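# Coordinate inspection notes
Listed below, chain by chain, are the residues.
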Amino acid sequence: MALGSRQSRRDVLKLTAYSTAGALLGAPAVRAQTKSLTMMHESSFVPPYDAFFKNKLAAAYEKEKGIKVNYEVVSVGSLLTRVTTAAENASGPDMTAIGFNWAFLFDDKFVDVSDIAAEIGKESGGWYESAQESVVVNGKWKAIPFGNIGQLMNWRTDWFKQAGYDKFPETWDELLEAGIKLKKAGHPFGFELGHGFGDNHGWLYPLLWSYGAREVEADGKTIVIDSDETARAVDYCRRLYKETMVEDCLGWTDVNNNKAFLSEQISCTNNAESILWAAKKDFPEMAKVIDQSENPKGPKGRFHMLNPLCHSIFTHTKDQKASKDFLRWLMAPAQAGPWLDIAVTYYQPFLHKYDDAPMWKVEPRNLPYRDALKTAHLPGWPAPLSRAQSESVAKFVVVDMFAKACAGKSTKEVIADAAAQLKQIYRAT
Amino acid sequence: MTAVLAPALTRRRPAFSFARWVERESVFSWLMVALPVAFLVALVGYPFFYGIWISLQDRPVAKPGEFVGLANFIRAWDDPVFRQVAVNTLFYTAAATLLKMVGGLGLAVVMNQDFRFKNLIRALLLLPFIVPTVLSTIAWQWILDPAFSVVNWVLKAADIADPGPSWLGNPHLAMFSLIIVNTWRGLPFYAITLLAGLQTISPELYEAATIDGAGRWGRFRYVTLPLLMPIIFIVTMFSVIFTFADFQLIYVLTRGGPANATHVFATYAFDVAMGAGQFGQGAAIALSMVPPLALIILAMAIYMRAPK
Amino acid sequence: MTVERRGWRVRLLTLWLPLAVAMFFALFPFYWMAITSLKTNQELYSRKVMPLIVHNPTLKHYVDLLTETSFLEWTWNTLLVAVISTAISLILGAMLAYPLARLRFAGAAMVSFAIAATYLVPQPLLFVPLADLINRLGLNDTLTSVILTYPTLLIPFCAWLLMGYFRTVPVELEDAARIDGASRLQTLVRIVLPLCGPGFISAGIFAFTLAQNEFLYALIFLTKTEVRTVPVGAIAELVRGDVFYWGQLMAAALLGSIPVAIIYSFFVEHYVAGLTAGGVKG
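Source: prediction; values computed, not measured.

Further remarks concern the overall build of chain A. Scanning chain A for helices and strands turns up 20 helices and 13 strands. On C-alpha atoms alone, chain A measures out to a radius of gyration of 23 Å, which is about the 22 Å that the 2.2 N^0.38 rule sets for 429 residues. Per-residue burial for chain A yields a buried fraction of 63% across its 429 residues. Taking all contacts inside chain A whose residues are at least 6 apart in sequence as the whole, residues at least 24 apart take part in 77%. For chain A, the accessible area works out to roughly 15800 Å², and carbon and sulfur atoms hold 53% of it. A gap of 5 Å separates the mean positions of the 51 positive and 52 negative side-chain charges of chain A.

Right, dumping it as structure tokens:
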């Protein structure tokens, strides 16, 4: 609400009246001076990334605009809990990092940032289409996408080579073949099938999709999980588990596959860049024989998980404009560029300007993460954003369908269970 | 408040003495309990009824609620995961409580002797109870890893199995492992509390029992156990309440996996309320804990207090 | 059981052997924590070396914990929160316990029923409404928020324990004091409370332990690093994505609990004595 140059006394009065009324009604009113803003974030896997914000970005902004920006981290698993309490109470941080479909869940509590999203897009080469899948709600941008924390196949080139593979298998069937050989050689696979936050969905949804199966149609109503395609995906997963993996994966959470990979228990898993990153830091020898590849193809193509990190502004912030200004500033190449650089592609930018950014040359093995963005979707795809989608993920419907099959239940049974759950979930919302 | 009131009251009715009024049993009692009761009403009572109100609504996160009556409860009942969660919680509580009771009693009897470094050993045994659960559970994540677990190492070294049991991957073993970790954390409190009970039993009773021809087991069965019953009841009640509502331990180790084999009320309610953003459903699930818990405790009270 | 002069075989079988098993079960995870906190990451993840021994000990994780995180600040917060909420719980618990244990008044049954009922209220039901309440009171991101909410978990226990203890004080003592002209309050403060010291110690230890352990409320109410407690702070800063900083986490666990255990060792006798009174008579 910047004042125009031709403001008359009446305009000012009107404005004062509006903002007084606004303040009384609890609507965000313009304050003469905003001295500080708070950004809530998940504690990044890359510690220098957090430090860069605190020490460099925040300091630069304070120097430039006189506004102090606090940076508060919570653990990845706790972020949703904190966003929930902040949104419910209409108090707490001004801005927050979000993921998945939270822009939809907290629709009423997040500021429409379509205007700055358009500006940022124009400035930085345009947005990836997948960026919009998670942040555009009813035609409005409710968050500014920052980067995708993609999930890819992490594998040991040395052991694959011993088994006769110079490059990563192209299809799921070939992966199974390779896995059988590798397990015989004492190097089993390990893909999370338990109740973690991401490494389970990270490969099971893409597997499901690549067999042509879906939870629900694009109309967001028709449950289509009970299909031959699903049955084939489930049968495949059971074989992959029984014939290539360590038994323990069924109980894993997100940390376990990193641990198993770094302790050389497994030769392949699906994970974000954290394994290669940790290996380079602590196990330089092992790091030389790790590679990352796109998910294998199924009968209906290749898919990946969309795991976006975005920034939203809470409507309860006292000064929406100050937060918008900050986000706008943050996403300008002069700021976003170095911030992305410091994490070296751990966050894959949703802006085309960075398609050939120097950070991709630092570690060419990360390049597939960029390519994977084109085939990445959120859980629940192709249905539009919904609360049912969150509920299905929180109740691990798809993960448990596969996990139960791996633990020995029949394909028919596990699909029937999932279908019943999904019907309950999608009917109710 | 009382100081202000007192002179005013005395002036109006000279026969009335404030000091004497306060000394009345019921007045003094209520003056004492008023503050804590008000505190509990405000911070437990009010949120509790608020929670009940939420459970009767379709209340998505960050959206206004809509009254739906008992729909959330009916829905929970139709939800196969909810039923599994109920069974899991009961089994987890029963098994862990039983282990803690038997192990705690045994340890208490052992510790009820004179030995060197008594206080130090007792304090060390309390360690599992002291250390923050979220952090100790993280250590268990290694101890239960088949590649690093002692049991698996032994089995492997003896050439019996490789890699051996999957402590958290096998659905049945996962429940077993969680019960062990819960027992590990809760047993010290059990043992120390029961030890306290044991120390009140007068030695003459044992001597009398010995004279009557009771052996070691007889003394335990007819002297120790009956006298210890009240304290066993109290700690068991505590254990049931805390185990039934356990959250941290399971949330860190398996988060309810594999395939819901270790999901319990608290973790499921949290996931539904916070993960799915369905406050109404989450509240209904959490509230479903109350009747079975109340029933268990009532049954225990009747059983343990019954004259035998 | 009287201490008899038994043969060493019996003593081995009935004392040291079971004690050793119990100690092993209770302390093995601590041993694991200790070695994990002293190992380099290379050694921690290695399956080639025996995992039960530290081959190349390092204090790096301790140094990192103390210099790169706000561990000392969290410890201070935790102590502050635990001490104050324990004190509140003891005072309010005693105010509930004394009348219930000693006096007759209308509504006593209702009050004791209400206390029993608070045990049954599930925490997962409370956090949404409580977060709302704390927010209305303007206590977000203050230690006061948890100092106020922890006693809800602790008061019922303290009250139960102290009730049993108050009952052990001979009524004659109180009557004598009252005949000498002491008011009820004076009797409570001068006669009853001093006799119940061990009871307060045992309730205090229990309350303190639960308060410093609490995770859920601390997670919801405390966002700012400078107001965090050890469990929440450690998880927020040392669990990064799907990577755990094992060494530092274990160092935090040990540094956070061993001093408490040492302090407890001085009190443990009173703890035992206090629980006795509470449990058996309650």
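This next bit is on the interface of chain B and chain C. Opposite the 96 residues of chain B that make contact, chain C presents 99 residues. Both sides of the chain B and chain C interface together cover about 9200 Å² of buried area, and 81% of this is carbon and sulfur. Between the two partners, chain B and chain C, sit 1 salt bridge. Where chain B packs against chain C, one counts 10 residue pairs in polar contact (both at pLDDT 80 or more). The element best represented in the side of chain B that touches chain C is helix 3 (residues 25-55) of chain B, accounting for 21 residues.

This part covers empty space enclosed by the protein. Within this structure, the stated rule accounts for 10 cavities of 30 Å³ or more. For the second largest cavity, the calculated volume is near 910 Å³. Every residue lining the second largest cavity is counted, 38 residues in all, and those nearest its centre are Ile 241, Phe 242 and Ala 245 of chain B together with Gln 123 and Leu 210 of chain C. In the lining of the second largest cavity, the residues fall into 24 nonpolar, 10 polar and 4 charged.

Take the domain arrangement of chain C next. In many analyses, interface size is given as the accessible surface area lost on bringing the parts together. Residues and elements named next belong to chain C. The domain architecture assigned to chain C consists of domain 1 (8-58) and domain 2 (61-281). Relative placement of domain 1 and domain 2: their C-alpha centres are 31 Å apart. Across the contact, 11 residues belong to domain 1 and 9 residues belong to domain 2. Summing the contributions of domain 1 and of domain 2, the shared interface buries around 770 Å²; its carbon and sulfur component is 69%. The largest share of the area that domain 1 buries against domain 2 comes from Met 33, Thr 36 and Ser 37, three residues that together contribute 51% of it. The tally of links from domain 1 across to domain 2 stands at 0 salt bridges. Looking at the side of domain 1 that touches domain 2, the elements with two or more residues in it are helix 1 (8-38) and helix 2 (41-45). With 6 residues, the single largest contributor to the side of domain 1 that touches domain 2 is helix 1. Tallied by class, the residues present in the side of domain 1 that touches domain 2 amount to 6 nonpolar, 4 polar and 1 charged.

Time to look at the sheet that holds strand 11 (residues 308-313) of chain A. All names here are of chain A. If you walk across this open sheet you meet the 6 strands as 2-1-3-11-6-12, and the pairing is mixed. In the strand order of this sheet, the two ends are held by strand 2 (68-74) and strand 12 (348-349), each with one partner. Relative to strand 12, strand 6 (residues 144-148) is paired through 2 bridges, and the arrangement is antiparallel. Looking at strand 12, one finds that Gly 147 is bridged to Pro 349. In the packing of helix 14 (residues 320-331) onto the sheet, contacts are made with strand 1 (36-42), strand 2, strand 3 (95-98), strand 6 and strand 11, and the angle to strand 1 comes to roughly 55 degrees.

Here we take up the interface of chain A and chain B. Of the residues lining the interface, 38 residues belong to chain A; the matching set on chain B comes to 41 residues. Regarding the contact of chain A and chain B, the summed buried area is about 3300 Å², with carbon and sulfur atoms giving 53% of it. On the chain A side of the interface with chain B, the three residues burying the most area are His 195, Lys 259 and Gln 424 of chain A, jointly 17% of the side's total. Applying the counting rule to chain A against chain B returns 4 salt bridges. A salt bridge links Glu 88 of chain A to Arg 59 of chain B; its shortest N-O distance comes to 2.5 Å. At the boundary of chain A and chain B, one finds 17 residue pairs in polar contact (both at pLDDT 80 or more). Split into classes, the residues belonging to the side of chain A that touches chain B amount to 13 nonpolar, 13 polar and 12 charged.

The biggest cluster of nonpolar side chains holds 347 residues, and the ones touching the most others in it are Phe 53, Phe 106, Trp 127, Leu 193, Trp 203, Phe 326 and Phe 402 of chain A. Setting aside anything within four residues of it in sequence, one finds Phe 402 of chain A in contact with Leu 193, Leu 204, Leu 207, Leu 208, Ala 233, Val 234 and Cys 237 of chain A.

Another aspect to go through is the domain arrangement of chain A. All names here are of chain A. Each assigned domain of chain A is listed with its residue range as follows: domain 1 (31-142 + 307-369) and domain 2 (152-306 + 378-427). Computed over C-alpha atoms, the centres of domain 1 and domain 2 are 29 Å apart. If you look at the interface, domain 1 gives 26 residues, while domain 2 gives 29 residues. Of the roughly 2200 Å² buried at the junction of domain 1 and domain 2 (both faces included), carbon and sulfur atoms supply 65%. Among the residues domain 1 hides against domain 2, the three largest losses belong to Phe 100, Arg 365 and Tyr 369. Together they make up 30% of the total. Viewed at the interface, domain 2 and domain 1 are joined by 1 salt bridge. A salt bridge links Glu 363 to Lys 280; the shortest N-O distance between them is 2.6 Å. There are 17 residue pairs in polar contact (both at pLDDT 80 or more) connecting domain 1 and domain 2.

Let's shift gears to the pattern of salt bridges. By the definition in use, this model includes 37 salt bridges over all chains. In this structure, Glu 391 of chain A and Arg 75 of chain B form a salt bridge, with 2.8 Å as the shortest nitrogen-oxygen distance. With Glu 391 of chain A in helix 18 (residues 387-394) and Arg 75 of chain B in helix 4 (residues 71-78), this pair bridges two chains. No difference in accessibility class separates Glu 391 of chain A from Arg 75 of chain B, as the two residues are buried. Among the salt bridges present, the one from Asp 64 of chain C reaches Lys 60 of chain C, with a minimum N-O distance of 2.8 Å. With a gap of 4 residues between them, Asp 64 of chain C and Lys 60 of chain C both fall in helix 3 (residues 60-68), about one helical turn apart. A relative accessible area of 11% places Asp 64 of chain C in the buried class. By sharing partners, the salt bridges in this structure join Arg 156, Asp 158 and Glu 264 of chain A together with Lys 48 of chain C into a single network.

We now examine the packing of aromatic side chains. Residue and element names in this part refer to chain C. Going through the model one piece at a time under the given rule, you end up with 63 aromatic pairs over all chains. Ring plane angle 55 degrees and centroid distance 5.2 Å describe the contact between Phe 157 and Trp 160, whose orientation is recorded as tilted. Residue Phe 157 and its partner Trp 160 are both found in helix 7 (residues 143-168); the two are separated by 3 residues, about one turn of the helix. Both residues of the pair, Phe 157 and Trp 160, belong to the buried class.

Take the sheet that holds strand 9 (residues 290-293) of chain A next. All names here are of chain A. The 3 strands are arranged 8-7-9 in an open sheet whose pairing can be described as antiparallel. Pairing within the sheet leaves two strands with one partner each, and these edge strands are strand 8 (268-271) and strand 9. Sheet twist, expressed as the mean angle between neighbouring strand axes with direction ignored, is 30 degrees. The pairing of strand 7 (residues 152-156) with strand 8 spans 4 bridges and is classified as antiparallel. Pairing of Trp 155 across the sheet is with Cys 268, part of strand 8. The sheet contacts of helix 11 (residues 254-262) involve strand 7, strand 8 and strand 9, and relative to strand 8 the element is tilted by about 145 degrees.

How each quantity is defined
- Residues numbered from 1 in each chain as written.
- Chains lettered and ligands numbered in written order.
- Predicted model: local features only at pLDDT ≥ 70, side-chain atom pairs only at ≥ 80, totals over all residues.
- Heavy atoms only, no water.
- Helix = DSSP H or I, 4+ residues; strand = E, 2+ residues; numbered from the N terminus.
- Rg over C-alpha atoms; globule rule 2.2 N^0.38 Å.
- Buried < 20%, exposed > 50% of the residue type's maximum accessible area, 1.4 Å probe, protein only.
- Contact = heavy atoms within 4.5 Å.
- Areas by Shrake-Rupley, 256 points an atom, 1.4 Å probe, with all protein chains shown as cover.
- Lys, Arg positive; Asp, Glu negative; His and termini not counted.
- Charge placed at Lys NZ, Arg CZ, Asp CG, Glu CD.
- Buried area = accessible area lost by both parts, 1.4 Å probe.
- Salt bridge = Lys/Arg side-chain N within 4 Å of Asp/Glu carboxyl O.
- Polar contact = N/O pair within 3.5 Å; in protein donor to acceptor, adjacent residues only side chain to side chain.
- 1 Å grid on protein atoms, 1.4 Å probe; cavity = no way out; pocket = protein on both sides within 12 Å on 5 of 7 lines; lining within 4 Å.
- Points joined across faces, edges and corners; volume = space filled by probe spheres on them.
- Nonpolar A, V, L, I, M, F, W, Y, C, P; charged D, E, K, R; others polar.
- Domains from an automatic or database assignment.
- Pairing = 2+ DSSP bridges.
- Axes fitted to C-alpha atoms, helices over the stretch in contact; angles between N-to-C directions.
- Core = buried A, V, L, I, M, F, W, Y, C linked by side-chain atoms within 4.5 Å.
- Phe/Tyr/Trp six-rings, centres within 6.5 Å; stacked < 30°, edge-to-face > 60°.

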